[in-house]
Amino acid sequence: MCGMPQQPPVRSTPARPSRPDASMSLLNNVMDHSLDAGYAEAAARKKAAGTAGMPKTVRAKLGLAVGLVLAALVVTVGAAQARISAPVVAKEREELIDRIQEETAAADELEDSVDDLRDDVSARQRKALKDDGGSDGNDLMGILSGAVEVHGPGVRLVVNDSKGAGQGGDGDPRETSGFSDTGRVRDRDMQRVVNGLWESGAEAISVNGQRLTALSAIRAAGDAILVDNKPLAPPYTVLAVGDGQRLSTRFQNSPDGLYLHALQENFGIRTSISVEDDLKVPAAPSVIVRTAEPSTEKGTS
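Residues numbered from 1 in each chain as written. Predicted model: local features only at pLDDT ≥ 70, side-chain atom pairs only at ≥ 80, totals over all residues. Heavy atoms only, no water.

Engineer: Looking at this structure, I do not really get the packing of helix H5 (residues 244–253) against helix H6 (residues 255–267). What am I missing?
Structural biologist: Put simply, H5 and H6 touch, their axes get as near as 4 Å, and they point 70° apart. On the basis of their axis angle, the class for H5 and H6 is roughly perpendicular. In this structure, H5 uses Phe251, Gln252 and Asn253 to contact H6, whose residues at the interface are Pro255, Asp256, Gly257, Leu258 and Leu260. Residue classes in the contact of H5 with H6 are distributed as 4 nonpolar, 3 polar and 1 charged. (Axes fitted to C-alpha atoms, helices over the stretch in contact; angles between N-to-C directions. Helix = DSSP H or I, 4+ residues; strand = E, 2+ residues; numbered from the N terminus. Parallel < 35°, antiparallel > 145°, perpendicular 65-115°, else oblique. Contact = heavy atoms within 4.5 Å. Nonpolar A, V, L, I, M, F, W, Y, C, P; charged D, E, K, R; others polar.)

Below you can see the structure in the form of structure tokens.
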């Protein structure tokens, strides 16, 4: 036994059970990993982006829907309130229109009555002046006071706003020290025109049919010019009775005539002057003529 070589022990390995689908391992691998790693990553990113963006879209749509519902609700409520209040507003508007029409008619009647009374007073004053002897002194007093109608030669002066007056929205009214670019005739312009005609020798003056006296006032109310509290509208026609040609020449060469010319040249105010053979200037309404008489009492002069 000692001389015989020993054989190494033989280990028996248990046999592994064979897989029935061992031959389909390649097919299974393809099915389990059908996409490349890059495609899989791109698909994952797309899925994540879609999942994250979906709530924002839903919230935006929901907010828009809520806004539309609220807007529709507001419009519906407003329309319902308008339908409810429309009859009341219409009734109040009709009542207001009726009141305005009634008051306007009453004001027109009062104005007509005032004009009639003024005419009656003027007629009585003229009759009183004539009954007082009809002397030249009384006639002259009636002319100078504006109590009687005057006609004779003179000048007709027309002053009007510029063609573009009131169209611009950024023109400021002319200040006391200068002018503006509005092109409107102002009350102080008419004051200078009238004073210039008086200084040039006018004996009687009217503006748009309003006789001027020593008590007359030319003022402004907004953009309107008032003569003795009566509003006048452009163009302003000034009639001045006097020596026509001499009156025209003296006025145009006077400082007030040059002032009017400057308005025409610089601001487009339209003016025209003409000499007339016969002008008629109406009497001033409600002029009270008073005459002074020497006192006969002892100790007075």
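Engineer: Is there a simple way to explain the pattern of salt bridges in this structure?
Structural biologist: In the structure shown here, the tally under the stated rule is 2 salt bridges. Note that glutamate 276 is salt-bridged to arginine 156, the shortest N-O span being 3.7 Å. A residue pair is termed long-range when its members are at least 10 positions apart, and glutamate 276 in strand E8 (residues 270–281) and arginine 156 in strand E1 (residues 150–160) qualify at 120 residues. Residues aspartate 256 and arginine 192 are paired through a salt bridge, measuring 3.0 Å at the closest nitrogen-oxygen approach. Here the residue aspartate 256 occupies a position in helix H6, and arginine 192 occupies one in helix H4 (residues 187–199), the gap between them amounting to 64 residues. Looking at arginine 192, the relative accessible area reads 31%, which means it is partly exposed. (Salt bridge = Lys/Arg side-chain N within 4 Å of Asp/Glu carboxyl O. Buried < 20%, exposed > 50% of the residue type's maximum accessible area, 1.4 Å probe, protein only.)

Engineer: Which parts of the structure should I look at to understand the environment of valine 185?
Structural biologist: With respect to the helices, strands and loops of the structure, valine 185 is situated in the loop between E1 and H4. The buried category is assigned to valine 185, whose relative accessible area is 3%. Considering only alpha carbons, one finds valine 185 and alanine 165, 20 residues apart in sequence, at a separation of 9.3 Å.

Engineer: Quick question: what am I supposed to make of H4 here?
Structural biologist: Every α-helical turn comprises 3.6 residues, leaving residues that sit three or four positions apart pointing alike. For H4, which comprises 13 residues, the first-to-last C-alpha distance of 18 Å matches the rise-based estimate of 18 Å (1.5 Å per residue) to within 8%. Listing the buried residues of H4 in full gives Asp187, Asp189, Met190, Val193, Val194, Gly196 and Leu197. Taken from the residues just after H4, glycine 201 is the one with a positive phi, measuring 115°. (Expected span 1.5 Å × (residues − 1).)

Engineer: Help me out: how do you make sense of the side chain of glutamine 210 in this one?
Structural biologist: Position of glutamine 210 relative to the elements: it lies in strand E3 (residues 210–211). In contact with glutamine 210, not counting residues within four places along its chain, are Ile205, Val227, Lys230 and Leu232.

Engineer: So what exactly am I meant to see when it comes to the packing of aromatic side chains here?
Structural biologist: The geometry of two aromatic rings is summed up by the distance between their centres and the angle between their planes. Counted under the stated rule, the structure contains 0 aromatic pairs. In this structure, arginine 192 is placed above the aromatic ring of tyrosine 259, and the distance from its NZ or CZ to the ring centre is 4.2 Å. (Phe/Tyr/Trp six-rings, centres within 6.5 Å; stacked < 30°, edge-to-face > 60°. Lys NZ or Arg CZ within 6 Å of the ring centre and 35° of its normal.)

Engineer: Explain the sheet that holds strand E5 (residues 224–227) here, please?
Structural biologist: Sheets are built from strands paired through backbone hydrogen bonds, the pairs being either parallel or antiparallel. If you walk across this open sheet you meet the 3 strands as E4-E5-E6, and the pairing is antiparallel. Either end of the sheet is taken by a strand with one partner, and the two such strands are strand E4 (218–221) and strand E6 (230–232). Adjacent strand axes in the sheet meet at a mean angle of 40° when their direction is disregarded. Note that E4 and E5 share 4 bridges and pair antiparallel. If you follow alanine 220 over to E5, its bridge partner there is isoleucine 225. Running over the sheet, H4 touches E4 and E5 and is turned about 170° from E4. (Pairing = 2+ DSSP bridges.)

Engineer: Is there a simple way to explain the pairing of E1 in this structure?
Structural biologist: Regular strands have side chains that alternate between both faces of the sheet. Alignment of E1 against E8, held across 10 bridges, turns out to be antiparallel. When the bridges of E8 are listed, leucine 157 appears paired with isoleucine 273.

Engineer: Looking at this structure, how should I read the nonpolar core?
Structural biologist: A general feature of soluble globular proteins is that nonpolar side chains tend to end up buried together. Counting residues in hydrophobic clusters, the biggest one holds 25 residues, and the most contacted among them are Met190, Leu197 and Ile205. Those elements that provide at least two residues to this core are E1, H4, strand E2 (204–207), E5, strand E7 (236–241), H5 and H6. With 4 residues, H4 is the largest single contributor of residues to this core. In this structure, methionine 190 is in contact with Val159, Val185, Val207, Ile218, Ile225, Tyr236 and Val238, ignoring residues within four places of it in sequence. Counting 6 residues, the second-largest nonpolar core is a separate cluster that includes Val150, Ala204, Leu239 and Val281. (Core = buried A, V, L, I, M, F, W, Y, C linked by side-chain atoms within 4.5 Å.)

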